[in-house]
Amino acid sequence: MDLVWLSQIASFLIASTLLFLINNYTYVHGGYVGGRHQHSTKNDCDLFKGRWVYDESYPLYEAKNCLSLIGQGFDCQANGRRDKLYLKYRWQPDGCNITRFNGEEFLEKYRGKKIMFVGDSLSFNQWQSLICMLHTAVPKSKYTLTTRGSLNIFTLPEYGVSVMELKNGFLVDVVTENVGRVLKLDSISTAGMWKGNDVLIFNSYHWWKHRWEYFEVGEKLIKNMDHMEAYRIALKTWAHWVDSNIDPSRTKVFFQGVSAVHLNGSEWGKSSVKSCKGQTKPVSGSTYPEGPDHGEEIVKTIVSKMKKPVYLLDITLLTQLRKDGHPSIYAGGGTKLMDCSHWCLSGVPDTWNQLLYTALVG
């Protein structure tokens, strides 16, 4: 057979394969996502760019029906919040729609699977949202809810599905040395429970904004290190662990992006406002006056350089726009406790889980 002809066939096959890959993978803020969203009207539709719109059919569930699962901590209505408009907003991406959450379909798709959230209290926020959404979908299905140390486990035996939450706010090791507690930025020795799961959703940022004195890189102990530089090193360590230990054919990996806090009204154009208290509506439109968060940029850079596929749930913008969605003084600790970091349930984390559902089920 003519060699030139063979070369032309080979070139055609390579080009066809590349075209198929391009047409069937969407690059979403650093993580490759298999399959374009089925309702997309644009090849480059970004689920994380959009606005909040009023929707009378919301919320997706009533938190009071989940008290046995989530308690009263994030149930702002039970804690005395009287306005309800914040419950009625749906995330609307530009150029496409999010599939409405179908808990039964999710459970059938992941029958016999293990799903684990790993991170700080915002992972806990999202985990509670998801288990409530699933329970609401199959209210007559028996469940178990257990706690083993820092691990919470929600199981639906009828489906063989386990949805777990593992408290680990920094992802890297925290050790006690002579100087006190030290963050070992280049060490992860406690990841045994991360292995063997079918879906992993990681999160780490909130705790990096708090005061921390000692850090360690290699054998070097550092006092009062720049926290964002420490965060960057720690995320690189986490990324290396994922690249070295995860089999993408067995486990899907997500990273929950940076969730916004609202303690300074000047960030959304109201300089006289000093907290989220009394906020009842989202920021209108699809841009946030303050712009991107520094942590968001670090996350995107790290994830974009990873060898293994990681889907970034890039929730920064959609949370920045929701100054109304926090518990504020309705977190269950009385009026002296102001919580502008976490989110009411029902509420914003339900959208995070709709985006997770869209990525997993389509």
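The present account deals with the structure reproduced in this document. The numbers attached to residues start from 1 for each chain and follow its sequence in the written order. Local features are withheld for residues below a pLDDT of 70 in this predicted model, meaning they are given only at 70 or higher, and side-chain atom pairs are given and counted only at 80 or more; totals for whole chains, interfaces and linings count all residues. Note that the side-chain values use all heavy atoms of the structure and ignore hydrogens as well as water.

**Section: helix α4 (residues 121-137)**
Consideration 1: Here α4 is 17 residues long and its end C-alpha atoms lie 24 Å apart, about the 24 Å a rise of 1.5 Å per residue gives.
Consideration 2: With respect to burial, α4 is a largely interior element, 13 of its 17 residues being buried.
Consideration 3: The backbone nitrogen of L122 has a side-chain oxygen 2.9 Å away, supplied by the residue at the start of α4, namely D120. Note on conventions: DSSP H or I runs of at least 4 residues are helices, E runs of at least 2 residues are strands, and numbering of each starts at the N terminus. A helix is expected to span 1.5 Å for every residue after the first. Accessibility here uses a 1.4 Å probe with only protein chains present; expressed as a share of the type maximum, an area under 20% marks a residue as buried, one over 50% as exposed, and anything in between as partly exposed. Here a polar contact means two N or O atoms within 3.5 Å. Within protein one must be a hydrogen donor candidate and the other an acceptor candidate, and residues neighboring in sequence count only if both atoms are side-chain atoms.

**Some words on the environment of V174**
Consideration 1: With respect to the helices and strands, the residue V174 is situated in strand β9 (residues 173-177).
Consideration 2: Separated by 16 residues in sequence, V174 and T190 have C-alpha atoms that sit 9.9 Å apart.
Consideration 3: Contacts are assigned to residue pairs with any non-hydrogen atoms lying within 4.5 Å of each other. If we ignore the near neighbours within four places in the chain, the residues touching V174 are R181, V182, L183 and W212.

**Details of helix α8 (residues 348-360)**
Consideration 1: Over its 13 residues, α8 extends 19 Å from the first C-alpha to the last, a length consistent with the 18 Å expected when each residue adds 1.5 Å.
Consideration 2: With twelve of 13 residues buried, α8 is to be regarded as a mostly interior element.
Consideration 3: G362 occupies a position one or two residues after α8 and carries a positive phi of about 95 degrees.

**Comments concerning the nonpolar core**
Consideration 1: To form a nonpolar core, buried Ala, Val, Leu, Ile, Met, Phe, Trp, Tyr and Cys residues must be joined to one another through side-chain atoms within 4.5 Å. Grouped together as the largest cluster of nonpolar side chains are 57 residues, with contacts concentrated most on V163 and L313.
Consideration 2: At seven residues, α4 tops the list of elements feeding residues into this core.
Consideration 3: Ignoring sequence-local partners within four residues, the contact set of V163 consists of I115, F117, W127, L130, I131, L134, N152, I153 and F154.
Consideration 4: Ranked by size, the runner-up nonpolar core spans 42 residues in total, among them M116, M228, V299 and V310.

**With respect to the sheet that holds strand β10 (residues 180-184)**
Consideration 1: One requirement defines pairing of two strands: DSSP has to find at least two bridges between them. Reading across the sheet, the four strands line up as β9-β10-β12-β13 and stay open at both edges, with mixed pairing between neighbours. Looking along the sheet, the strands with just one partner apiece sit at the ends: β9 and β13 (220-223). Looking at each pair of strands side by side, their axes are set apart by 35 degrees on average, direction ignored.
Consideration 2: One ladder, built from five bridges, connects β9 with β10; its direction is antiparallel. Paired with T176 across the strands is R181, a residue of β10. Axis angles are defined between N-to-C directions and span 0 to 180 degrees, where every axis is a line fitted to C-alpha atoms and, for a helix, only to the segment in contact.

**Observations concerning the side chain of R81**
Consideration 1: Looking at the secondary structure, you find R81 in the loop between α2 (67-70) and β4 (89-93).
Consideration 2: Note on R81: relative accessible area 3%, which makes it buried.
Consideration 3: Among the polar contacts made by the side chain of R81, one reaches the main-chain carbonyl oxygen of Q279 at a distance of 3.3 Å.

**Some thoughts on a nonpolar patch on the surface**
Consideration 1: Together, V261, L263 and M338 line one region of the surface with nonpolar side chains, adding up to about 230 Å² of accessible area.
Consideration 2: Tracing the backbone through its elements, the reader meets L263 in the loop between β14 (252-256) and α6 (294-304).
Consideration 3: Classification of L263 as partly exposed rests on a relative accessible area of 48%. Think of a patch as exposed residues, more than 30% relative accessible area, with no salt bridge, where like charges cluster within 9 Å and nonpolar side chains (Val, Leu, Ile, Met, Phe, Trp, Tyr) cluster within 5 Å. The accessible surface values rely on the Shrake-Rupley method and a 1.4 Å probe; as for residues, cover is taken only from the protein chains in view. In the sections that follow, a salt bridge refers to a side-chain nitrogen of Lys or Arg positioned within 4 Å of a carboxyl oxygen of Asp or Glu.

**Observations regarding the pairing of β13**
Consideration 1: Of the strand pairs in this sheet, strand β12 (residues 214-217) and β13 are connected by four bridges, and their pairing is antiparallel. Bridge assignment links Y214 to a residue of β13, and that residue is K223.
Consideration 2: Taken together, β12 and the strand that follows it, β13, pair antiparallel across an intervening segment of two residues, in which G218 is found at a positive phi of about 65 degrees.

**Comments concerning the packing of aromatic side chains**
Consideration 1: Stacked, edge-to-face and tilted labels apply to pairs of Phe, Tyr and Trp rings (six-membered ring for Trp) whose centres lie within 6.5 Å, assigned for plane angles under 30 degrees, over 60, and everything in between, in that order. Tallied over the entire structure, the rule returns 20 aromatic pairs.
Consideration 2: Seen from their ring centres, W194 and F202 are 4.9 Å apart, and the 70 degrees between their planes marks the pair as edge-to-face. Just as W194 is buried, F202 falls in that class too.
Consideration 3: In textbook terms, an aromatic cluster arises when at least three aromatic residues are bridged by ring pairs, as seen for F170, Y205, W207, W208, W212 and Y231.

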